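Next come the chains, spelled out residue by residue.
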Amino acid sequence: MMDELGSLKHLFVTMFMSQLAIFVVTPAMPDVTMTALCPGQDECSLAIYLSGFQQAIIGIGLVVMMPIIGNLSDVYGRKALLTIPVTLSIIPPVILTFRRTKKFYYVYYVLKTLTGMISDGGIQCVALAYVADHMSQAKRASAIGILAGVGSAAFVCGTLADHFLSTSQIFLVATIASMIAAVYMQIFLENTACLKDSIEKQPILINEMEDTELDCETATNIKVFKKVPSLKDILCFLKKSATFSLAASVAFLNSFAEGGEQAPFQYFLKARFHFKKDNFADVMLIANICSATSQLLLMPMLAPLIGEEVLLCLGLTAGFTNLLIDSVARKIWVPYTAALLPVFTSLVKPSLQSIVSKQIGPSEQGIAQGCISSISSIANILSPFVYSPLTALFLSEKAPFPYPGFSIMCIGLAWLIAIIPSAMIKVIHSSRLKKVVTLEG
């Protein structure tokens with residue numbers, strides 16, 4: 001186990017630095033946005049709508065780009081494709097390092113929107129495929145959990161740094177961390193072999209193919225998708241496995257909830273409890289310490305014992321509980337206490353990613369993770385159109401009834417609904433295991 005994880009050490013360093021650059025600016029963004037757009041105010045509908053619009057546009061870009069990036073990484077190798085999003089992530093924080101006036105903010109807004117279409121999901125997508133290249137199936141869940149834990153640890157470090165840095169220094173640190181990630185990766189990260197020569201040996205899916213009848217020309221003899229996979233290619237890929245399709249539906253609902261947990265939840269806390277940069281940083285710090293602990297320690301221990309499917313259901317239940325508590329909170333200490341629940345919620349994504357990874361062969365890891373990222377991005381497109389106006393309405397004086405946290409409770413409902421397909425994954429997985437045992441007997 002340790003020898004295999006040792007082959008991922010340079011990827012972990014690259015991921016830590018790139019994620020640190022992203023997360024160090026997160027607690028500061030609500031204050032920076034409000035100061036630029038609505039100075040001196042605790043409520044700002046323009047900031048909520050702009051954040052939601054940016055999230056939607058980035059989501060549209062990710063829907064298109066993630067399958068392409070994933071597929072190209074299958075063809076040309078992981079390092080080559082990881083270079084692109086890591087390098088692009090350097091650009092946006094440079095702008096706010098100099099000034100944070102309205103004009104500079106809008107320049108940042110445009111550049112962040114454009115680069116986010118590739119960097120926001122591309123880094124994680126290719127990194128997951130890199131892990132799958134180097135880890136056996138039995139140990140893959142633990143490795144993916146550790147990769148997620150590295151991201152959570154980067155969030156913890158970024159949040160701690162926010163307490164000691166001025167706003168301009170925060171964006172300077174983000175710029176430097178992105179540059180270090182790009183340079184370190186080029187020097188130390190080993191490129192995985194391109195799959196052009198070996199791809200004929202690999203099946204498109206290793207599970208459940210015999211039970212699926214599809215009208216796809218490539219169903220039995222797919223070597224590699226086109227460099228730019230079509231919608232038909234992606235749909236054909238998704239329908240190959242019932243487990244894969246259920247995982248895709250859970251990914252959609254999970255991202256739909258996570259999309260609402262971004263800007264709308266932050267602006268809810270700001271309006272409800274007058275949160276400032278340090279308050280956001282404290283809540284995020286608690287949540288991500290719990291996440292890092294869970295992903296680095298709990299998941300490697302529990303996944304082999306109870307399975308990723310059980311961890312997935314547990315995490316979704318905790319996510320709903322977390323937001324339900326926040327939605328009815330009347331005291332400022334409640335969000336801090338609820339921030340302990342990500343010790344379970346943080347298991348959702350790595351569990352999903354491990355389940356998906358085990359459904360396919362080595363030569364399709366990139367396109368598979370790209371498809372899941374694309375589906376998640378569709379949810380991120382739709383989420384702000386639902387939750388941003390809902391949050392703005394219930395935080396305003398025009399709310400139809402006095403429940404400021406109603407939109408937050410609605411966000412949690414997406415996690416509650418996701419428990420249904422996640423439970424079906426467990427049932428299908430168990431029935432398949434019984435079938436195998438019967439055949440062997």
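For every chain, the first residue of the written sequence is number 1, and numbering continues from 1 along that sequence. Confidence filtering applies because this is a predicted model: local features only for residues at pLDDT of at least 70, side-chain atom pairs given and counted only at 80 or more, and all residues used for totals across whole chains, interfaces and linings. With hydrogens and water excluded, all non-hydrogen atoms of the structure serve as input to the side-chain values.

1. Section: helix 14 (residues 308-327)
Consideration 1: Taking 1.5 Å as the rise per residue, helix 14 with 20 residues should run 28 Å; its terminal C-alpha atoms sit 29 Å apart, in good agreement.
Consideration 2: Type-normalised accessible area, obtained with a 1.4 Å probe on protein chains alone, sets the label of each residue: buried when under 20%, exposed when over 50%, and partly exposed for intermediate values. Only DSSP runs of H or I with at least four residues qualify as helices, and only runs of E with at least two residues qualify as strands; both kinds are numbered from the N terminus onward. Buried residues dominate helix 14, accounting for 14 of its 20 residues. Expected helix span is given by 1.5 Å per residue-to-residue step, counting one fewer step than there are residues.

2. Here we look at a nonpolar patch on the surface
Consideration 1: A patch consists of residues whose relative accessible area exceeds 30% and which take part in no salt bridge; residues with like charges are grouped when within 9 Å of each other, and nonpolar side chains (Val, Leu, Ile, Met, Phe, Trp, Tyr) when within 5 Å. A 1.4 Å probe and the Shrake-Rupley method give the accessible areas. Residues count as covered only by the protein chains that appear here. The term salt bridge refers to a pairing of a side-chain nitrogen on Lys or Arg with a carboxyl oxygen on Asp or Glu at a separation within 4 Å. On the surface, a cluster of nonpolar side chains totalling about 250 Å² of accessible area is made up of Leu172, Ile176 and Ile180.
Consideration 2: You can see isoleucine 176 is positioned in helix 9 (residues 167-188).

3. Points about the confidence of the model for the chain
For any part of a model where pLDDT is low, the fine detail of the predicted coordinates should not be relied upon.
Consideration 1: Looking at any residue, its pLDDT shows the predictor's confidence there, from 0 to 100. The predicted model of the chain has a mean per-residue pLDDT of 81, with 85% of residues at 70 or higher.
Consideration 2: Below a pLDDT of 50 lies the segment residues 195-226, which in the model reaches 67 contacts outside its immediate sequence neighbourhood of four places, other chains included.
Consideration 3: By definition in these notes, contact holds between two residues if any of their heavy atoms fall within 4.5 Å. This model gives residues 429-441 a pLDDT under 50, and the stretch forms 6 contacts once residues within four places in sequence are excluded.

4. Brief notes about the side chain of lysine 112
Consideration 1: Take lysine 112: it is sitting in helix 7 (residues 102-134).
Consideration 2: Taking the relative accessible area as the measure of exposure, lysine 112 reaches 19% and is therefore buried.
Consideration 3: The term polar contact refers here to a pair of N or O atoms within 3.5 Å; inside protein, the definition further demands a hydrogen-donor-capable atom paired with an acceptor-capable atom, and it admits residues adjacent in sequence only when both atoms are side-chain atoms. A polar contact of 3.3 Å, which involves the side chain of lysine 112, links it to the side chain of aspartate 120.
Consideration 4: Apart from the residues lying within four places of it in its own chain, the contact partners of lysine 112 are Gln54, Ile58, Pro92 and Asp120.

5. Comments concerning the nonpolar core
Consideration 1: Within the largest apolar cluster, 90 residues are counted, with the highest numbers of intra-cluster contacts made by Leu8, Leu11, Leu82, Val131, Leu147 and Leu312.
Consideration 2: Once you skip the residues sitting within four places of it in the chain, leucine 147 turns out to touch Leu11, Phe12, Met15, Gln124, Ala127, Leu128 and Val131.
Consideration 3: Formed by 25 residues, the second largest nonpolar core is a distinct cluster that contains Ile48, Tyr105, Ala161 and Ala392. Residues grouped as a nonpolar core are buried Ala, Val, Leu, Ile, Met, Phe, Trp, Tyr and Cys residues, joined through side-chain atoms within 4.5 Å.

6. Topic: the pattern of salt bridges
Consideration 1: Under the defined criterion, the tally for this structure stands at 6 salt bridges.
Consideration 2: With a shortest N-O distance of 3.3 Å, lysine 112 and aspartate 120 are connected by a salt bridge.
Consideration 3: Linking glutamate 308 and lysine 358 is a salt bridge whose minimum nitrogen-to-oxygen distance equals 2.8 Å. Of this pair, glutamate 308 sits in helix 14 while lysine 358 is found in the loop between helix 17 (348-357) and helix 18 (365-394), placing the two residues 50 residues apart along the sequence.
Consideration 4: Among the charged side chains, a network of salt bridges with common partners joins Asp74, Arg78 and Asp133.

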